[in-house]
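Spelled out, the chains give:
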Amino acid sequence: MRIAFVGGGNMARAIIGGLLAKQAAQAAEIMVVEPDSSARLRLLAEYGVKAIEVPNTDLAHAHVVVMAVKPQNMREAAGQLAQVAGGALFITIAAGIRIDDLSRWLGGRTRIVRAMPNTPAMVHAGITGLYAHASVGAEDRGHAERLMGAVGATLWFENEGDLDAVVAVSGSGPAYVFYAIEALEEAARALGLAEGASRSLALWTFVGATKLAIERGEDPAALRAQVTSKAGTTEAALRVLEAAGVKQHFLDAVKAARDRSIEMGDALGKD
């Protein structure tokens with residue numbers, strides 16, 4: 001299967017690396033459109049894939065075209081592709097770009113899948129929300145799932161609007177986790193622990209807790225209760241968080257991210 005990437009940034013490189021590592025594609029089957037010459041040399045050196053400066057008729061032979069440019073550059077990139085691309089399946093990983101808008105910019109093409117990965121995809125531990133246009137069949141869905149599955153787990157959604165929530169939860173989610181790690185590390189230092197020990201304790205607590213939650217498959221509230229002994233240290237800490245309304249603030253924050261995603265989609269899709 002011949003795959004073309006438009007944009008050779010971090011996420012494109014992560015997907016390419018994942019595909020090659022899992023032997024889901026060969027380097028000779030992949031090409032990348034990337035205007036930056038140093039980025040093209042890096043793609044060749046790291047992955048052995050063909051990299052070109054601007055879209056050309058070679059894209060007409062691609063089975064899948066992955067749109068990996070920034071949202072604000074998508075309209076221009078799609079306009080260029082509309083002139084040279086064939087009947088490929090298009091997969092967009094740009095946040096906020098809706099399928100109807102991308103279809104219009106691509107000259108009416110509708111074989112489009114929206115994919116919303118997150119940054120842990122760069123270490124092949126991401127999760128990607130997927131939504132397909134009604135014209136996308138089972139085979140194309142399979143291609144999209146295998147491609148994005150190269151960098152982590154995948155989930156399909158039946159309503160395109162759900163991807164705004166996906167952006168808010170898992171797309172922005174790593175920042176929330178880093179924020180919590182930062183706070184726990186700062187707390188450790190404030191209690192007199194050394195900097196290196198503080199970071200290790202914070203990082204590995206998150207790694208271990210997440211691994212436990214995944215492997216146990218239990219409700220997080222149940223796992224939390226297992227750690228919280230009556231009148232113990234954990235209960236004392238959680239009482240402070242509850243009194244401060246941390247959970248409600250967290251809910252409000254994620255909703256604000258979702259609302260901003262909707263606003264961005266409205267703005268980016270305007271003619």
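All of the points below concern the structure found in this document. This is a predicted model, so every value here is computed, not measured.

Rules of the game
Residues numbered from 1 in each chain as written. Predicted model: local features only at pLDDT ≥ 70, side-chain atom pairs only at ≥ 80, totals over all residues. Heavy atoms only, no water. Buried < 20%, exposed > 50% of the residue type's maximum accessible area, 1.4 Å probe, protein only. Helix = DSSP H or I, 4+ residues; strand = E, 2+ residues; numbered from the N terminus. Pairing = 2+ DSSP bridges. Right-handed = clockwise from strand over helix to strand, strands pointing away. Salt bridge = Lys/Arg side-chain N within 4 Å of Asp/Glu carboxyl O. Contact = heavy atoms within 4.5 Å. Axes fitted to C-alpha atoms, helices over the stretch in contact; angles between N-to-C directions. Parallel < 35°, antiparallel > 145°, perpendicular 65-115°, else oblique. Left-handed = near helix turned anticlockwise from the far one by under 90°. Nonpolar A, V, L, I, M, F, W, Y, C, P; charged D, E, K, R; others polar.

**A closer look at the pairing of strand S2 (residues 30-33)**
Neither face of S2 is left uncovered, since the one carrying Ile30 and Val32 and the one carrying Met31 and Val33 both have all their residues buried. Pairing between strand S1 (residues 3-6) and S2: four bridges, direction parallel. Looking at S2, one finds that Phe5 is bridged to Val32. In the classification by handedness, the crossover that spans S1, the intervening helix H1 (residues 10-21) and the parallel S2 is right-handed.

**Things to note about the pattern of salt bridges**
One pass over the full model with this rule turns up 14 salt bridges. For Asp140, the salt bridge goes to Arg111, with nearest N and O atoms at 2.8 Å. Separated by 29 residues along the polypeptide, Asp140 in helix H5 (residues 138-148) and Arg111 in the loop between helix H4 (99-105) and strand S6 (112-116) bring together distant segments of the chain. Here Asp140 falls in the buried class, since its relative accessible area comes to 10%. For Glu160, the salt bridge identified is with Arg114, shortest N-O distance 3.1 Å. You can see Glu160 sitting in the loop between strand S8 (152-156) and helix H6 (162-171) and its partner Arg114 sitting in strand S6, a full 46 residues away along the chain. Residue class for Arg114 comes out buried when judged on its relative accessible area of 5%. Linked through salt bridges whose partners overlap, the residues forming this network are Glu185, Arg189 and Arg199.

**Structural notes on the environment of Val136**
Turning to its location among the elements, Val136 is positioned in the loop between strand S7 (126-132) and H5. Assessed through its relative accessible area of 7%, Val136 is described here as buried. Residues Val136 and Thr110, spaced 26 residues apart in sequence, show a C-alpha to C-alpha distance of 7.7 Å. In this structure, Val136 is in contact with Leu89, Thr110, Arg111, Ile112, Val113 and Arg141, ignoring residues within four places of it in sequence.

**Points about the environment of Val6**
If you trace the backbone, Val6 turns up in strand S1. A residue is classified by how much of its surface remains accessible, and Val6, at 5% relative accessible area, is buried. For the pair formed by Val6 and Ser229, sequence separation is 223 residues and the distance between their alpha carbons is 53 Å. Apart from the residues within four sequence positions on either side, Val6 is in contact with Val33, Leu59, Val65, Val66, Met67, Ala68, Val69, Ala77 and Leu81.

**Considering the pairing of S1**
Because side chains alternate across S1, one face comprises the buried residues Ile3 and Phe5, and the other comprises Ala4 and Val6, equally buried. Both S1 and strand S4 (residues 64-67) contribute to a ladder of four bridges, which runs parallel. By the bridge assignment, Ile3 is partnered in S4 with Val64.

**Some details on the sheet that holds strand S3 (residues 50-52)**
Neighbouring strands of a sheet are bound in pairs by backbone hydrogen bonds; such pairs are parallel or else antiparallel. Taken in spatial order, the eight strands make up an open sheet running S3-S2-S1-S4-S5-S6-S7-S8, and their pairing is mixed. Each edge of the sheet is formed by a strand with only one pairing partner; in this case those strands are S3 and S8. Neighbour-to-neighbour, the strand axes of this sheet turn through a mean angle of 20 degrees, independent of strand direction. Against the sheet, H5 makes contact with S1, S4, strand S5 (89-92), S6, S7 and S8, and its axis sits at roughly 150 degrees relative to S8, the strand it touches most.

**Details of unusual backbone geometry**
For Gln23, which is not a glycine, the phi torsion comes out positive at approximately 55 degrees. Note on placement: Gln23 falls in the loop between H1 and S2. Judged by its relative accessible area of 67%, Gln23 is exposed.

**Brief notes about the packing of helix H7 (residues 173-190) against helix H8 (residues 195-216)**
Put simply, H7 and H8 touch, their axes get as near as 8 Å, and they point 140 degrees apart. Of the possible angle classes, the one that applies to H7 and H8 is oblique. The chirality of how H7 crosses H8 is right-handed. Side by side, H7 and H8 meet where Val177, Ala180, Ile181, Leu184, Glu185, Ala188 and Arg189 of the first sit next to Glu195, Ser198, Arg199, Ala202, Leu203 and Phe206 of the second. Class assignment for the residues of the contact of H7 with H8 results in eight nonpolar, one polar and four charged.

Read these as spatial facts, not as claims about activity.
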